[in-house]
Every structure is written in C-alpha cells, then in structure tokens.
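Residue-level listing of the chains:
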Amino acid sequence: MRISTSQIYQRAADGILDQQALLSKTQIQMSTGKKVVTPSDNPAGSAQIVELQHSVDLTNTYQKNIDTAQAALGSEENALSSSTDILQRVRELTVQANSGALSDQDRQAIAQQIQQHISSLLGLANSRDGNGDYLFAGYSTNTLPFNQTAAGFNYAGDQGQRFIQIGANRQVAVGDSGYDVFQAIKNGNGTFATSYNNTNTGTGVIDAGQMTNLTSWVPDTYTLTFITPTTYEVRDSSSALITSGTYQSDAAIAFNGIQVSVSGAPAAGDVFTIAPSSNQDMFTTLQNLANALNTSVTDSTARAKLNNDINQALTNIDRALDKVTNIRAGVGARLNSVDNQKSANGDLINASQIALSAVQDLDYTEAASRLNQQLLGLQAAQQTFVKLQNLSLFNFIQ
Amino acid sequence: MADLLGIGYSGLAAAQRALTTTGHNISNVNTDGYSRQTTELGTNPAQLYGNSYLGNGVAVTDIKRVYDEFLVEQVRTNTSSFGSVDTFQQFASSIDNLLGNSSTGSSSGIEKFFNAIQQVADNPSSQAARQSLISQSDSLVNNFQYVNDAINQQYGQVNTAIKNSVSQINALAQNIADLNGKIVLATGAASGGTPNDLLDQRDTALTNLAKLVAVTTVKQDNGAVNVLIGNGQSLVVGSQTQTLSIVSNKYDPTRYEVGYASGGSGNVEISGQLSGGSLGGLLNFRNQVLDTSKNALGRVAIGIASAINTQHHLGTDLNGALGGDLFTVATPGAISSSANTGTGSVTSTLINANDLTTSDYKLLYNGGNNYTLTRLNDGQTFAINTGGSSPYTTSAMDGISLTINAGAAVGDNFLIQPTKRGADDLSAVITDPSKIAAAVPVIVTTPLSNMGTATAGTISANDPNDRVAIQFTSSTTYDVLDQTTGVTLAQGVAYTSGSNISFNGWTAQISDGGTPPSAGDQFYVDQGVTTAASGNTGGAAINQATMNPPDPGLTGAVTITFTSSTTFNVSGATTGSPTVGVPYTSGGIISYNGWNFAITGTPSSGDSFTIGPNSNGVGDNGNMLKIAALQTKMTLASGTATFQDAYGELVADVGTKTQAAGTSHDALNALLKQSTDARDAVSGVNLDEEAANMLKFQQAYQAAAKVIATSETVFQSLLTAING
C-alpha cells in the first residue's frame, strides 16, 4: 500500500499525541488519588459515589445529633439523681419526725431542714443546660419553670417534649417536662388517697389503704363516718350506704375491692375520706409536711392529726420517688438506645466508606505500572519518529 | 518529415514538463488537500515512409491529478461526523467537570444546608444555629446559581460559536462560488483539460466547509459543483451563494439560530435541519446537554424551595408567628412565539413540584376551543378544550396548570418552560433568624385535674400534600379521610354544591350543576391535584384546589372533654367532625383544625385535653425535624427521587452523554484517519517517489539533449559532405 510523506509525519505525530493524552490522564488520576475524575469516566460509578458520600455525610450528622442527645439526657439524669437523693433524705427525716419522743422544737428543726430541701428541689427543677435553656420547662425553654407564691407552686412551662433525629428513621426524646417529672404525681397509693377531716376530735389515724380487687373498685369519693366510737359507716358520693360495721383498731375495713384501716380511738362524728388519687406536685407534698411539722402538738387529737399528716406525706413522697425512678428508667433506656444507635451508625459509616473507596479510589500499584507502560510507549513513539524522519532519498542524491 | 531535431526537442520538452510537474509535486508536499499530478505522455502521430511508419517523438497529452472522488467524499463525510462529535464532546466535558466537581457541584450545597437545619433542630432557641441556617440558605442559593451561571455562560459561548461558524460558512461558500466560476472558465478555455490546482483548492474548501456543517455536493456538467446543506437548502449554485444568517429563536431573542434567506419570506430558521460539523455539534450540545441540564437543575431548585416552604408554613417562629417562605419559587415560563399572529396569551402556575418533568412543552392552537399541549421530551400530547371560557385554567398536568386567554390564531404556538428558570429565580427570603419557624404552632396541655391515665402524644400539623379522599356516603353527605396517614378528618359533612371544602390548608369546591353526586362517589386531593374516581356515577365534579397552608383554625383553642372513658366531645374546632359523642380508642389519632395527635391510656369521665397556640415554645423543634426529614423524602419525579437523587440523575445524565461522545469521538477519529489515509495513499505526495521520478526525467532530459546534439552532428556531417 502506498504511503504519502505527510502521512508518515502525521501518523508519527498522532502516535505521540495519543500516548501523551493517556499519560496525562494517568497523571491526573495519580495526583488526585481517584479513579473517577469526572462523571464521564464512569457515570454509573459517579452516581454511586454521590449516594455513598451522601450516606456518610448524613450518618455523621446523626452522630453529631447523638452527642447533643447524650449531653441533654446526661444533664437530665444528673438532676433526677440529685432529686432522688433529696426525696430520700426527706423521707428519712419524715420517719424520724414520726417518733413520739420528739418535742415541738425538734420537729420545727426538722421542718427547717425540709424547707431547705424544698428550695434545693426547686432549684433542681429549674436547672439549666449549657445553652442556658431550662431543662424541665417543656418547649418554653426561656421561661423559669417553677416558682413559689403564697398560693402554692406554679408551673410556667409547657408539657412539650423535644425529640432529636439519631438515625434514618429514629428519633429519641431528649427531655421530660416539669409537668411530667414534678407535677403529675398521683397522691395516696396511686389509685386512691385517704385523708382525715380537720374537725375530727378523736385520735383515729387512717392508713394509706390498699387495693384488693381492681375489678371491684368503683372510683368515687367515699366517706367513712364514725357514728359512734365503735361503729362506722361507709357511704359514697350520693350518700348510698356501701358498708358498715363495728370498729376495731387496726382491723381492715373492706369494700368495693379495697381495704383501709384505722388505728386509735376515733370519736363519734369523726370523718375520713377515701377519694380517687389526684395529681399533686412534690413541692406541695413537702411543703404540706413542713407545715404539719411546724404545727405544735398540744393534745392527743393534735398528735393524731400529726400522725395522719406524716402518713400522708410518707405515702406521697413514695409516689414522688416512684415517679422520678420511672422517669429515670426512661432516660436510662433512651441513653442505651442512643448508644446502640451510635455504634450502628458507626458501622454504617465504615461500610459506606469501604464501598466508597472501592468505587472511587485509585489502585496505585496498577496505576504506577500503567504509568511506566505509557512512558515507555511515549518514548518508543518519539524515538521511532526521529529515526523515520531521517530517511529520505534526497539524502543520497548528489 | 520526421526529423531527429524535432523528435529530440519533443523528448526534451516532455522531460522538461514532467520535471516541472515533479517539482510542483515536491513543492506542494505539505499543501493541504493537494493531489499529486502526473504527466501523461503519448506518442506523436507517426509518419508514413514508404510502407512503414516512423515515430515522431513524444508529446504531453495531459497533466492529470491522481484523484479518487469516492475517497475524497468519504473523507468529507467523516470530517463532518467527527467535527460534530468533537465539538459536542469539548463543550459537554466542561459541563461534566462542573457538575462532577464536589466543591462546586450542588450536591454538597444541599448537604450543608440540611446540616444547618439539623443544628437548629438540635438547639432551636439558639440564635447562632438560626443565623448559621440563614447563611447556609444563602450558600445553597449561591451554589445553585454558580452552576446555573456556568450553564448560562455556555449558552453565550455556544451563541458566539454559532455566529463564528455561520460567518465562516458564508466565507467558505463565497470561496467555493468564486472557485466554481474560475473552474468553469478554465475548463472552457482548456476545452477538456482539468484545472487541477483549482479543483484541489475547491476540494479543500469543501472539506473545510464539511468541518463546519454536513454538505451534499452535486457536480454540474460545466465543472461547477453545487453545495447543499441541511434538508436540501442550496448554499452554492454555480458562482452564486445563499447567505446564512443569525436569527433569534422565536421564543427567546437571546438564543441564536441559523437563518436561511428563503425567497420572499425573509430569513427562515433552519437550525433543526442542520447536522454534522461543528455547527451540528453545537446545536446538538445545546439541545441535548445545556437545555436538559438547565431544566434538571431548575427542577431540583424548585423542588427544594417549594417543599421547604410548604413545611415552613406549618411552623411557628420565635415571635409566635406562622412561618413564611424560606426561598422564592420560580414561576413556570410561558412564552408566545414571535411568529404568532393572534392576540392570545398563556400563563402557567406551579401546582406541585413532585410531578414536574425536565421537559419543555409546546401549546398549539388548533382552532375552535381546541389546544394541544405536547411534552417535547417524548412527544406525549394532552388535548385541551377551553369550552369557550376565557381565561380558562386547565387541570394539573405534569405538575403545572395553564391559564389560557383566548385570541390566538390557528397555528399559533406557545412555549411552556416549567423548570427552565428554576435556578435563575431561586433566592433566600429570610434574613431574620427569629423568623425561622422551628416549632409546631400548637401544643396539647393536660390539666392536673385529670383523674384517668390517659396521656397525650406529640401534636403536629397535617401535611397539605397528603392524599385526602372525599367519600360521599349519600348525595348530601360525605366523609373525609386522609389516606396518607389513615386519619379520619371529618365524618357526615353536609354537602352543598359549590361551597368550599377546606382541609389541611387546601380549598376546593365540588359542584354538580343540578345532578348531585351518588353514594359511593369519591374525589381526591393529592399534592394540590384534584381528581375524581373513575367509578363515580353521580354528576358532580371537583375543581382545581388552591393551596394555602396551614388550616386557618390551626392555632384556635380547642378542648377535648371525655364524657366517659370511651367517648369525648370537642369544642372550639372549626374544621373536622363529628364533635359530639366521638368514640375513643387508645392510640387512635384525633384530627381537627388541621392538627393531629393521639391519646393513649384510659381517661376518666370529665378528663379533658386543651389544644392551643404554642406561644412560648422557643425550645420546640418539631417543625425543624419535619423539614430535616425532607432531605430523605422522595419529593421529586413523581415520588421516586429525593433532591439529591434528582441532582445525581442530572450529573449521571451529563456524564453518560459525555462518555458516549468520548467513545464516538475515538471511533470517528479512527474512521476519519482511515479515510484520510486511504485518500493520501492515492493522492498524497511521497518525496522518495518524486525523487526517483526526478532522476528518471532528468536522465530522459539528458538523453533527449543528446539526441539534439546527435541531430546537429548529423546535419554538420551533411553540410561538410556538400561543401566538399
């Protein structure tokens, strides 16, 4: 086949240019460390890379969120733990105060300590986190949750609970409102509460009572009236007679699936109330206790009233402790699940990065050997050209 | 008489001409498009001497160029094909690089924006986090506009390149026409001989023209060549040319098209008919890569802006006000053709971004009340009948609706571009950090006086994009069911033809013009698009819904009071029914006024729950969490793609087209080289060959000179013999 002179030069030049282009591509790959430099290098791979990168970024964001969640739950746990300590300390003092050997002054001293504890508890309820937001104010994180007025304890926060996204489809609550932790505590034994009438003149002391048969319990306000010091009647809110009987100190008075007992010597006309449990915040519980301890005991009736008050206080403090323990268990569970999610996220990030590396990263060994090969090719092309262009018949014609 | 002198001289002259031709070949070894010339030699007519013929020397019969027309045409065709792909690949690569670059591409911009959203969700009352979100919103917009600007610049570059190509084509055409004229004259003057160099020059001009646009050549008898482009438009006829010009696109004066002077009707746009060469490559690139990319980018921008805006409207900011727009959403474009003769006009409204495609649409007026809307990507048509009303608003098609004002003339065209300006018109609206609506506007409060064990779950605003079914239970009552969440929004609502039906922040009307709906008829509102069930037997129809979330009663005070542990009454609700004696199940979702939440546990009779405005909820991140969730929600391409998926599709699409162009480029380059080699093998000059020829003719010249010398010696001998 015939070849023209310009073809000879053109072919040689093309060969060199082609080798240079390949070499340049390899060079870019090696300097960026990536196999896929532009999407056109591997369109399907590019799309995969974008996806994987997105997955890694998103999961890293979830990890950051988890840090925030852990900090918030940690702060809450601390406050709840301290609250538990205070409630337990107050309980010990209360048991102490029940001793008949104490004088009014002794009890007043205890009342003062309890007053201090109420302030501390209030302080814990009004805790703030590192950002200055109130922990137990619900969504109203700029508003002081609890304050005390002459009328009682006020909650100015709301009942909101904030969630944080820790995984693709997982959110975790990072707080509990002051309403849930400190306020919405059922008094008495949780189902019903017993109380005495202030006008009682006897020395009867009623216990907290217990549930014997939940299905027979009819929620209503029941009045236990002593007709005589030895006979009693139990009537419901529409004055229907439920049960009556002879009174014996410490004997069970049972009706409608519950039983209560009275000890001591009630007088005729003394009234005790058994009502369904209602909500009472723990500050009010403690304040009622302090007030009762500050009242001087002048006679056995007053003593009986004191005993009744202390019984109520102990029961209600137990309810408060139950509530805080309950909330703490929830916080604990959340912290656990957050930990699990954190390591699951970590695993996902690792897996994604491995996949990403497989698609995107250059195999340097292969690239280096390819580079050498292409350098050789370029050299060969250049040297052949030099040799060829020297050959011409005109060199030999005189 | 045959004489030695004459014969010798003929040999000399022939050798001289052959040497000249060889010299000409050698000098032109590097001339583009030169075909080597050979000297054809033939014997002079012999003379009769007695009964034998005496030869009479040699004459040059022709100087021919070695030329294969088929091979030259091959080269020309392959030049066009390669030129087209070469230009396409060049331009496509720069878009490819732009989109694939992770720091300039929009994928990381979207990622960073949603990170900032998460930060606000982690700490909603923090001014710093909010300010950071505002900065990231600006960054996101900048990011989109950076890519968009680069695309716009490419449009400008393509325009310039088209302009240059057109003027080059015109210059070459003129050149070819001139050469035609010269060749015709030269051919005539030579009466059969070929003006080789002129022919080569014309071939070169034609090949250069082929680099710019594919051409067809038709040889004429007088030696001229006519040149046709496109679908048979003549560019050169003999020594006359038609000029190509730049005309504005009928819908966009900034978009250059190629115009052709056609008889009396001025300049006609022929861009669609041109192919091949760099001009063809430019036009292909603009249609297949630039237009598609700009539309796809626009769709992502519109998708993000509208989805985030809708959710933001369902939240409350630090001042207790409902959220406004975070971004501006581009309005779909509707442009009348400059060739329209009527007075009709069209505008377009966005209904939902989810159904948007990346295609442009053409609306054609057929006469009467009939229009045809064609989706340009795949040719799918939609028939529209305005029924005579003007303005007439169509139902939703592919996420948009059209409002047509009558007055068009038959054959008038309108171009609808729903997403073209998506990135151009994207901007961040909010500058005040406290205006970011992170909180849910309502909150549930459980009074301490409740005796039961029922607790309220988290409350949120209904999503206006939920699919809601309006189910007629009789011809005068209907139930409303949110099919996306399964929540019943209303039951036993009294139906009046034409009155407003509003739920979740949209409002629609069902009217029946006298023929009421039947029991069992259903109508749906889904992402703002209203449809009727195909099995409806009644005579009612639903019109296009308007979206204005949230429900106007969202933050109104509502109280739920339990009359027993299994029933409750609702007071204060303005949307939703029934409100008296509603049955309660633990965990069942309750929805009124556009909010929903669940109560779990056992309430006691008399227990209540109050729903009211979340006035103080600066620490509430409920709405931020919903906005954050949009990142992984399939909100585009009819629910098959997230924002990043849609952007990824764009990158992959350009990547694939660039890769394909690269492969074609290599293949066509090889083909072009092959055909060039084939042509050169026949017509190219080989210096060694010419050197050998030179030696050959040199020897012939010397030998012929010797013949003349011999004839002189013979003559001298004769003279000497006569003179004695």
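Keep in mind that what you see is a predicted model, and the values were worked out from it rather than measured.

> Would you explain the domain arrangement of chain A in this entry?
Note: interface size is frequently given as the accessible area lost on complex formation between the parts. Residue and element names in this part refer to chain A. If you check the domain split of chain A, you get domain 1 (58–187 + 315–346) and domain 2 (192–278). With centres defined by C-alpha atoms, the gap from domain 1 to domain 2 works out at 35 Å. On the domain 2 side, the residues contacting the 4 residues of domain 1 number 5 residues. Surface buried jointly by domain 1 and domain 2 totals about 340 Å² across both partners, of which 46% is contributed by carbon and sulfur atoms. It is Lys186, Asn187 and Thr315 in domain 1 that bury the most area against domain 2; as a group they hold 95% of the surface buried on that side.

> I tried to follow unusual backbone geometry on my own but got confused; where do I start?
Trans is the prevailing form of peptide bonds, just as negative phi is the prevailing case for residues other than glycine. The omega torsion of the bond from serine 390 of chain B to proline 391 of chain B falls at 0°, within 30 degrees of zero and hence cis. Along the polypeptide, proline 391 of chain B turns up in the loop between β16 (381–385) and β17 (392–393). The omega torsion of the bond from proline 549 of chain B to proline 550 of chain B falls at 0°, within 30 degrees of zero and hence cis. Here proline 550 of chain B shows up in the loop between β31 (546–547) and β32 (558–564). Phi at aspartate 250 of chain A takes a positive value of approximately 75°, unusual for a residue other than glycine. Taking relative accessible area as the criterion, aspartate 250 of chain A reaches 56% and is therefore assigned exposed. A positive phi angle is found at asparagine 504 of chain B, which is not glycine, with a value near 55°. As for its position among the elements, asparagine 504 of chain B is in the loop between β26 (500–503) and β27 (506–511).

> Explanation requested: the sheet that holds β16 of chain B in the structure shown.
Through backbone hydrogen bonds, the strands of a sheet pair up, either in parallel or in antiparallel fashion. All names here are of chain B. Spatial ordering of the open sheet is given by β12-β19-β14-β15-β16, a layout of 5 strands whose pairing is antiparallel. Among the strands making up the open sheet, the edge pair consists of β12 (333–336) and β16. The average angle at which neighbouring strand axes cross in this sheet is 25°, direction not considered.

> It is not clear to me how the environment of alanine 344 of chain A should be interpreted in this structure. Could you clarify?
All names here are of chain A. Tracing the backbone shows alanine 344 in helix α6 (residues 300–360). The partly exposed category is assigned to alanine 344, whose relative accessible area is 37%. C-alpha of alanine 344 to C-alpha of threonine 32: the two residues are 312 residues apart in sequence and 31 Å apart in space.

> Is there a simple way to think about the environment of asparagine 231 of chain B in this case?
Within the secondary structure layout, asparagine 231 of chain B lies in the loop between β6 (225–229) and β7 (233–237). According to the relative accessible area criterion, asparagine 231 of chain B is exposed, its value standing at 61%.

> I tried to follow the sheet that holds strand β25 (residues 487–494) of chain B on my own but got confused; where do I start?
Residue and element names in this part refer to chain B. If you walk across this open sheet you meet the 5 strands as β25-β24-β23-β28-β29, and the pairing is antiparallel. In this open sheet, the two strands that pair with only one neighbour each are β25 and β29 (529–532). Between one strand and the next, the sheet's axes are offset by a mean angle of 15°, whatever the strand orientation. Relative to β25, strand β24 (residues 477–482) runs antiparallel, the two sharing 5 bridges. Within β25, the residue paired with tyrosine 478 across the bridge is valine 493.

The rules behind each value
- Residues numbered from 1 in each chain as written.
- Chains lettered and ligands numbered in written order.
- Predicted model: local features only at pLDDT ≥ 70, side-chain atom pairs only at ≥ 80, totals over all residues.
- Heavy atoms only, no water.
- Domains from an automatic or database assignment.
- Contact = heavy atoms within 4.5 Å.
- Buried area = accessible area lost by both parts, 1.4 Å probe.
- Helix = DSSP H or I, 4+ residues; strand = E, 2+ residues; numbered from the N terminus.
- Buried < 20%, exposed > 50% of the residue type's maximum accessible area, 1.4 Å probe, protein only.
- Pairing = 2+ DSSP bridges.
- Axes fitted to C-alpha atoms, helices over the stretch in contact; angles between N-to-C directions.

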